[in-house]
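# Analysis of the macromolecular model
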Amino acid sequence: MKMSIRYIILCLGVATLTQTQAQTELTFDEALAQTLESNYDIKVARINESVAENNAEKSNAGYLPTLSASGNYGWTFNSGSFDTSGGENTYDANSSYSYGAGVDLNYTIWDGQGRKYAYLQSQELKELSALQVRQLIENTILELSSVYYDASRLETTEKSLEEAIAISVDRLTRAEYAFEYGQGTQLDILNARVDLNSDSVNLINTQQQLSNSIRNLNLIMGADINQEFTVSEEIILDRVLDFNQLLISSKEKNVQLASIEKNMLSQEYALGSSKAAMLPSLSANVGYDYRGSNDPNGAFVTGTTTVGPNAGLTLSWNVFSGQNKTKVKNAELNLESLMIQKESAAQQVEYNLLNAYDAYTTSLFILNTQKDNVETAKRNFERSEEAFRVAQITSLSLIHISEPT
């Protein structure tokens, strides 16, 4: 009997291991909200999106003029001699100076529409960056859902195993009492202890897996890894999904398809930009300069000063460039490649949806069937437990009925 009590204390201690501290319940919506706010990968992706938005400004595409200012100052120390028809003359060592300052305004009037295509391409890259953030969020939500509902499953399994341990403890107690009063055998006690040990090990393994799932959830949510909570066991299912509507929606909203389309537009603008580099460009510049010098040893002029505005136009044309020709060809090939990728992605979307919808309908059928099986098993166990109490069935028969599936 002492051995039985030790087993009971051990098993009850294991079964209540995770219930020693009160824990709040974390709903899926709460987990989702925290993930969207604190997930590290999402934070980094949003920063990259902001960088893409900055790059998409018109000022980054060459639409604005450039204004530059410059200044200089020079000093020279000279001494020496010079020859004239009257003979050699020397001049005293002295310093000479040069100085100047200026402001220049430059603006590209025409560049073959290169900056137009550069700006349009930056807009597509900005939207592509937003799509990449959206895809990351969708993948993170998918990962969160998988881990969250796996934790929910493990919590349910834990409760089931705790109930199984309670049954095993009761079975062991009855087997020991029956042996004491000569109505049972030592084999019944040994079998009961083996099953109790097995249930205890299963419970400990399940609790460890549950702890890993909770830590994984904290990692996804960007929360403290050691934060403890329980998850909800309630799962809301949509039982009336329509395949045709899902197919239309998936092709309209699929991130991969939308990203390829953005890449195609970006590549079209890259093609236009490459062609624009083959056209002439015209730029204008306006400036105002101040220049001066001072040379005491000058033969005739010892100093100068100039000040005034300047303006000009510059026309340039890269008549032939093998690099530009290559860029045009590569842009055309990249565009053709993206068109093929779009067709492939559209087919992949339909393929994945068909598989997912088949799995959905099959799972609904299994769920409904299993619900009936659970109700039948409960009624069967209740009758069998009562039969065991009045010694109409053996403990082995009861334990097989009570084993979780």
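Residues numbered from 1 in each chain as written. Predicted model: local features only at pLDDT ≥ 70, side-chain atom pairs only at ≥ 80, totals over all residues. Heavy atoms only, no water.

## Observations regarding the overall build of the chain
- Along the backbone of the chain there are nine helices and six strands.
- Residues counted as buried form 29% of the 405 residues belonging to the chain.
- For the chain, the share of sequence-separated contacts (at least 6 apart) that also reach a separation of at least 24 residues comes to 78%.
- Accessible area of the chain: about 25900 Å², with a carbon and sulfur share of 54%. (Helix = DSSP H or I, 4+ residues; strand = E, 2+ residues; numbered from the N terminus. Buried < 20%, exposed > 50% of the residue type's maximum accessible area, 1.4 Å probe, protein only. Contact = heavy atoms within 4.5 Å. Areas by Shrake-Rupley, 256 points an atom, 1.4 Å probe, with all protein chains shown as cover.)

## Structural notes on a nonpolar patch on the surface
- On the surface, Y107, I109, W110, L279 and L313 cluster together into a nonpolar patch covering about 490 Å² of accessible area.
- The leading source of residues in the nonpolar patch is strand β3 (residues 87–110), at three residues.
- Mapped onto the elements of the fold, Y107 is located in strand β3. (Patch = residues over 30% accessible without salt bridge, like charges linked within 9 Å, V, L, I, M, F, W, Y side chains within 5 Å. Salt bridge = Lys/Arg side-chain N within 4 Å of Asp/Glu carboxyl O.)

## Thoughts on the nonpolar core
- Counting 17 residues, the largest nonpolar core has L144, I214, L217, M221, F229 and V231 as the members making the most contacts within it.
- At the level of secondary structure, the elements contributing two or more residues to this core comprise α2 (28–38), α4 (114–180) and α5 (186–221).
- In contact with I214, other than residues within four places in its own chain, are A151, Q227, F229 and V231.
- The next biggest cluster of nonpolar side chains, apart from the first, holds nine residues, and it includes L161, I165, V169 and L203. (Core = buried A, V, L, I, M, F, W, Y, C linked by side-chain atoms within 4.5 Å.)

## Considering the side chain of D199
- Inspection of the secondary structure puts D199 in helix α5.
- Within the buried set, D199 has no salt-bridge partner at all; the shortest N-O distance to an opposite charge, 7.1 Å, is to R171.
- Contact partners of D199, with chain neighbours within four places excluded, come to A164, I165 and S168. (Lys, Arg positive; Asp, Glu negative; His and termini not counted.)

## Quick word on the pattern of salt bridges
- If you walk through the whole model with that rule in mind, you get 11 salt bridges.
- In this structure, K262 engages E127 in a salt bridge whose closest nitrogen and oxygen atoms are separated by 2.3 Å. Separated by 135 residues along the polypeptide, K262 in helix α7 (residues 255–276) and E127 in helix α4 bring together distant segments of the chain.
- Relative accessible area serves as the criterion here: at 33%, E127 is assigned to the partly exposed category.
- Among the ionic pairs, K251 bridges to E350, the shortest N-O distance being 3.9 Å. Of this pair, K251 sits in helix α6 (residues 243–253) while E350 sits in helix α8 (residues 322–389), and the two are 99 residues apart along the sequence.
- Given a relative accessible area of 39%, K251 falls into the partly exposed group.
- Bridged by salt links that share partners, the residues E124, E127 and K262 form one connected network.

## What to know about a negative patch on the surface
- Together, E25, D29, E30 and E234 give the surface a local cluster of negative charge.
- Structurally, the position occupied by E30 is in helix α2. (Charge placed at Lys NZ, Arg CZ, Asp CG, Glu CD.)

## So, unusual backbone geometry
- For Q113, which is not glycine, the phi dihedral falls at a positive 65°.
- Along the chain, Q113 turns up in the loop between β3 and α4.

## Describing the environment of S96
- With respect to the element layout, S96 can be found in strand β3.
- Looking at S96, the relative accessible area reads 13%, which means it is buried.
- Once the C-alpha coordinates of S96 and W75 are considered, the two residues, 21 residues apart in sequence, prove to be 5.8 Å apart.

## Topic: the environment of L36
- Secondary-structure assignment places L36 in helix α2.
- L36 sits in the partly exposed class, given a relative accessible area of 29%.
- Between the alpha carbons of L36 and I141 there is a distance of 8.6 Å; along the sequence they are 105 residues apart.
- The contact partners of L36, leaving out residues within four places of it in the chain, are I42, R46 and I137.

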